[in-house]
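# Observations on the model geometry
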Amino acid sequence: MAPTTFDPRDQWLPQALSGLTTGSGMWSWNVLASVERVGGYLAGTWDPPAEEDGPGIIGDGSWPPLIGRIGAIALRAAAPSTSAQHREALLGFLENWAGTPMADPTTRIRVGSARADAKAVRDERGATIATTWPRDGRCGVLQVRAGDADPPVFGEPTDWVEVAHGWGDARQLRRLVALVRERGPVAWDPAAARLLAEETGVSRAAAVLLLTGDAGGIRTLPPLDPDQRRLLGLSTAEADAGYGELGRLTELERLELFARVLPEDPADLWEAAAPGTLAAGIAAAWRERFGRARPVPEQTLAVLAELGPVTLHTPAAHVCAAFLAPERHPLTSRNHDSWLVEGTHGTYSTSEGQGERWFAEFLMALDVALPTVYAELPAGDPVRAGLPAVVAAVRARLDHPGLLLNAGYTARSNEGADHLRGLFGDRPHAGPLPLTSANFDDGLTIATLAEPTERAPDPFVRLYFRPALYGDDERSNLLRRVASGGAPVRDAVDMLRGDWCARVVDRVAGDALPVGGYEGNPALSAPETVARVEKALGVDADAAALYLQLLAIARPSDRRVRLWNGWNAARHRQAAAALVTAGVVVADKRARAGRGVFLPGGWAEARKPLWPIEVWKANLLGVRLIGKRVWEDQVWRLTLPELFAHAWDLVERGDGPA
């Protein structure tokens, strides 16, 4: 058990343990042997070399939470989607763990914090070891007691917490390892994932991941390869959305979810009823911690998931949850107070429990998701039906005087203290924490100035604003002029309080469509305009509706048009052929278009996540182009019925595509 022992399985542990431990990059060297050394030292069966005073640190020191929760590792080791290399690394980890006091339910263990005076001490009463590297002069410590007397300690330890044992004693771990090697992984049952989704309200994709012991977390490699996704019945987009949905769980929450769900006898995992029993156990653990959410229809979630991660921290499932129950959602049901603090790189806004941060992320997500919910979900969909309520709830939160949000930056010229004082006055910000950097507060906007440094030679100005006071007055217009960029939160506030959003709310709340109907189908949302096109072009209603969709919708792919219009492929082809015959569209094949007919004129290419589009339509929709390339997405100013009518008005007066 020398410290230099190399085990080839060590290299797979960072990914195998991903999401269950922190500091995964530090778990790739000598970990399996380190587990043996730590266990041997605590049990008194291994002595460190003369030049060392302890067994050393495992990984980054995040392993003590595994005590009593090793069932999470066992579940992942037995899961059918775990790769062969990761499985063998996890089985090796479990084997070595089984030989330590952590797998002995009679052992008394506690953890705490101490000054980093030593790495380990031990006598006949037990042992105390450092489990983390020192930080600010202190480190985590773990103690094993051999009897009632206190073992030796170092560094004046404090904050002791007794660690409870759970599933995963030495017998259970060794039996599970032997069974996996003998029988292979446990069977996969899609019905168990459906049961787990029904019992918790999480998406099917999230339920699938939970059943494999994989509840998200920071990952350094793609989490599932094509064979794994095929086994689990997940597309790439579904898997990504599932990971996003579970992304806010902490490592400890993930460990807790799986800690006590395995059967007393591991052999029961290979019984026919095991997947359902496992799903019920995980569901119960989920509800105990997070309650039961209202489930999101799979088709609805798929539409939102196509957007990708709307923002880094706001996946589609979280957006849908707010639309389904804004009166209970933590971001939309209560006010958020925020204030300014200073850090290494200037000022930033903060709040209790990071509520302001998540709310700001949610605002940016709404800026993207709300148009999709309005335009691409059918009437009667529960998420779409929640649009008016979620807009009202968010507007109420924006009216809270204690909320302070990021407003972007100023231009990099003429932005010294004198210039800012001339714009915003000389009154400094009076927050709960004093600011040492120059700052200027006009009541709506706070401008903070970071002085030049060797690493940042230019002045750096951040702007913050109080949305409760933001509107059409002189101060608000000044903020709009001065903030030159980096203001997606303020853009979202403008959208939510703007006329377009108000008209969308009226459309949804007014039941303008029949249940199951789509706003993107002009035959339902703009029948008068369809009739005008029919008469002018001499085509039938189907062709007229398709022409309006090609004119006014950014991505009228064949799949989307058929879904919105309720058409089969033959009916769609017939409508497209009529437009080609009428001479108003051209047949062609273009990359990433997903359709076979286009408006005449120029074509703008795009890189993901943006989409290519006709140049004429880009100008109509406010899609920003640089040359012949899409640079920014659509700016919504009109509802779809209004867009259909406006586009046809342009065609009728001779300003259409050509």
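Our structure's up above, just so we're on the same page.
We now turn to the structure provided with this report. (Residues numbered from 1 in each chain as written. Predicted model: local features only at pLDDT ≥ 70, side-chain atom pairs only at ≥ 80, totals over all residues. Heavy atoms only, no water.)

## Brief notes about the sheet that holds strand β1 (residues 108-115)
By definition, the strands of a sheet pair up through backbone hydrogen bonds, in either a parallel or an antiparallel sense. The test is simple: Paired strands, as defined in this entry, are two strands with at least two bridges between them according to DSSP. Helix and strand assignments follow DSSP, with helices taken as H or I runs no shorter than four residues and strands as E runs no shorter than two, numbered in order from the N terminus. Every angle, taken between N-to-C directions, lies between 0 and 180 degrees, and every axis is a line fitted to C-alpha atoms, over only the stretch in contact when it is a helix. Contacts were defined at the residue level, with two residues in contact if any of their heavy atoms lie within 4.5 Å.
Here we have five strands laid out as an open sheet, ordered β2-β3-β4-β1-β5, and antiparallel in their pairing. On the outer flanks of this sheet lie β2 (120-123) and β5 (158-163), each paired with one strand and no other. Averaged over all neighbouring strand pairs, the angle between strand axes comes to 15 degrees, with direction disregarded. Bridge count for β1 against β5 is four bridges, and the pairing is antiparallel. Each residue of the ladder has a partner; that of Arg110, found in β5, is Glu162. Contacts from helix α2 (residues 31-43) reach β2, β3 (126-130) and β4 (138-145) within the one sheet, and its direction differs from that of β3 by about 145 degrees.

## Focus on the packing of helix α23 (residues 541-552) against helix α27 (residues 640-652)
Keep this limit in mind: For classification, angles of less than 35 degrees are called roughly parallel, those exceeding 145 degrees roughly antiparallel, those between 65 and 115 degrees roughly perpendicular, and all remaining angles oblique. Side-chain classes are defined by residue name, with Ala, Val, Leu, Ile, Met, Phe, Trp, Tyr, Cys and Pro counting as nonpolar, Asp, Glu, Lys and Arg as charged, and the others, Gly among them, as polar.
Look at α23 against α27: their axes get within 9 Å of each other, and the N-to-C directions meet at 90 degrees. In terms of orientation, α23 and α27 fall into the roughly perpendicular class. In this structure, α23 uses Tyr547, Leu548, Gln549, Leu551 and Ala552 to contact α27, whose residues at the interface are Leu643, Phe644, Ala647, Trp648 and Val651. Looking at the contact of α23 with α27 residue by residue, the class counts come to nine nonpolar, one polar and no charged.

## Notes on empty space enclosed by the protein
Formally: Here a cavity means grid points, on a 1 Å grid over the protein atoms only, where a 1.4 Å probe fits yet cannot get out; a pocket means an open set of points with protein on both sides within 12 Å along at least five of seven lines; lining residues are those with an atom within 4 Å of a point. Grid points are joined across faces, edges and corners, and a volume is the space filled by probe spheres set on the points.
Across all of its chains, the model carries two cavities of 30 Å³ or more by this definition. Counting residues per element, the lining of the largest cavity draws most heavily on helix α11 (residues 274-290), which supplies three residues. The residue makeup of the lining of the largest cavity, split by class, is 12 nonpolar, no polar and one charged. Roughly 50 Å³ of volume is contained in the second largest cavity.

## A look at the packing of helix α7 (residues 204-211) against helix α9 (residues 236-245)
The contact between α7 and α9 brings their axes to 8 Å, and the two run at 75 degrees. In terms of axis orientation, α7 runs roughly perpendicular to α9. Along its contact with α7, which presents Arg204, Ala205, Ala206 and Leu209, the element α9 presents Glu238, Ala239, Gly242, Tyr243 and Glu245. Counted by class, the contact of α7 with α9 contains five nonpolar, one polar and three charged residues.

## Quick look at the pattern of salt bridges
Defined as follows: The term salt bridge refers to a side-chain nitrogen of Lys or Arg lying within 4 Å of a carboxyl oxygen of Asp or Glu. For the exposure calls, accessible area comes from a 1.4 Å probe over protein chains only, and a residue counts as buried if that area is under 20% of its type's maximum, exposed if over 50%, partly exposed in between.
Per the counting criterion, the structure on display carries 39 salt bridges. Across the salt bridge formed by Glu95 and Arg181, the nearest N and O atoms sit 2.8 Å from each other. In this pair, Glu95 is assigned in helix α4 (residues 84-98) and Arg181 in helix α5 (residues 170-183), connecting sequence segments 86 residues apart. Residue Glu95 is classed as partly exposed on the basis of its relative accessible area of 32%. Notably, a salt bridge pairs Arg532 with Glu652, separated by 2.6 Å at the nearest N-O pair. One end of the pair, Arg532, is in helix α22 (residues 527-537); the other, Glu652, is in helix α27, and 120 residues separate them in sequence. Since its relative accessible area comes to 48%, Glu652 is described here as partly exposed. Several salt bridges converge on common partners, so that one network encompasses Asp7, Arg9, Glu88, Glu95 and Arg181.

## Overview of the side chain of Asp542
Relative to the helices and strands, Asp542 resides in helix α23. Ignoring any residue separated from it by four or fewer positions in sequence, one finds Asp542 in contact with Trp567, Arg571 and Ala575.

## Observations regarding the nonpolar core
In plain terms, the rule: Definition of nonpolar core: a set of buried residues of the types Ala, Val, Leu, Ile, Met, Phe, Trp, Tyr and Cys, connected through side-chain atoms within 4.5 Å.
Counting residues in each nonpolar core, the largest one holds 100 residues, and the members touching the most others are Leu363, Leu387 and Leu496. Contact partners of Leu363, with chain neighbours within four places excluded, come to Val394, Leu398, Leu405, Val489, Ala492, Val493 and Leu496. Ile58, Ile129, Ala197 and Leu269 belong to the second largest nonpolar core, which has 79 residues in total.

## Some details on the packing of aromatic side chains
What counts here: Aromatic rings from Phe, Tyr and Trp, with only the six-membered ring used for Trp, were paired whenever their centres fell within 6.5 Å, and each pair was classed as stacked if the ring planes differed by under 30 degrees, edge-to-face if by over 60, and tilted otherwise. Only lysine NZ and arginine CZ atoms are considered, and such an atom sits over a ring when it is within 6 Å of the ring centre and within 35 degrees of the ring normal.
Counted according to the given criterion, the structure contains nine aromatic pairs. Relative to Trp97, the ring of Phe93 has its centre 5.9 Å away and its plane inclined at 25 degrees; by these criteria the two rings are stacked. Taken together, the residues span about one helical turn, with Phe93 and Trp97 both in helix α4 at a distance of four residues. Since its relative accessible area comes to 2%, Trp97 is described here as buried. Centre to centre, the rings of Tyr374 and Trp500 are 6.2 Å apart; their planes meet at 85 degrees, and the pair counts as edge-to-face. Here Tyr374, found in helix α14 (residues 355-376), pairs with Trp500, found in helix α20 (residues 499-509); they are 126 residues apart in sequence, far enough to count as distant. The ring of Tyr41 carries the charged tip of Arg122 above its face, separated from the ring centre by 4.3 Å. Residue placement shows Arg248 over the ring face of Trp358; its charged tip is 4.2 Å from the ring centre.

## What about α20?
Condition: This arc corresponds to the set of directions leading from the helix axis out to the C-beta atoms.
Turning to α20, its buried residues are Trp500, Cys501, Val504, Val505 and Val508. The arc that holds every buried residue of α20, seen down its axis, measures 135 degrees, which confines them to one face. The exposed residues of α20 that point more than 90 degrees off its buried face are Asp499, Asp506 and Ala509. The inward-facing, buried residues of α20 contact α14, α15 (382-385), α16 (387-398) and α19 (488-497).

## As for the state of the cysteines
Joining two cysteines, a disulfide is a covalent bond between their sulfur atoms. The condition that has to hold: The disulfide definition used here is simple: a pair of cysteine sulfur atoms within 2.5 Å.
Tallied over the entire structure, the rule returns zero disulfides. For Cys320, which is in no disulfide, the shortest distance to another cysteine sulfur is to Cys501 and amounts to 17 Å.

## Some details on the pairing of β3
Most of β3 sits out of view: five of its five residues are buried. Covered by surrounding structure in β3 are Gly126, Thr128 and Ala130 together with Ala127 and Ile129, the residues of both alternating faces. For β2 and β3, the ladder comprises four bridges, and the chain directions are antiparallel. Residue pairing in the sheet places Ala120 in a bridge with Ile129 of β3. If you look at the hairpin formed by β2 and β3, you'll find two residues sitting between the two strands. The pairing of β3 with β4 spans five bridges and is classified as antiparallel. What sits directly across from Gly126, in β4, is Arg145.

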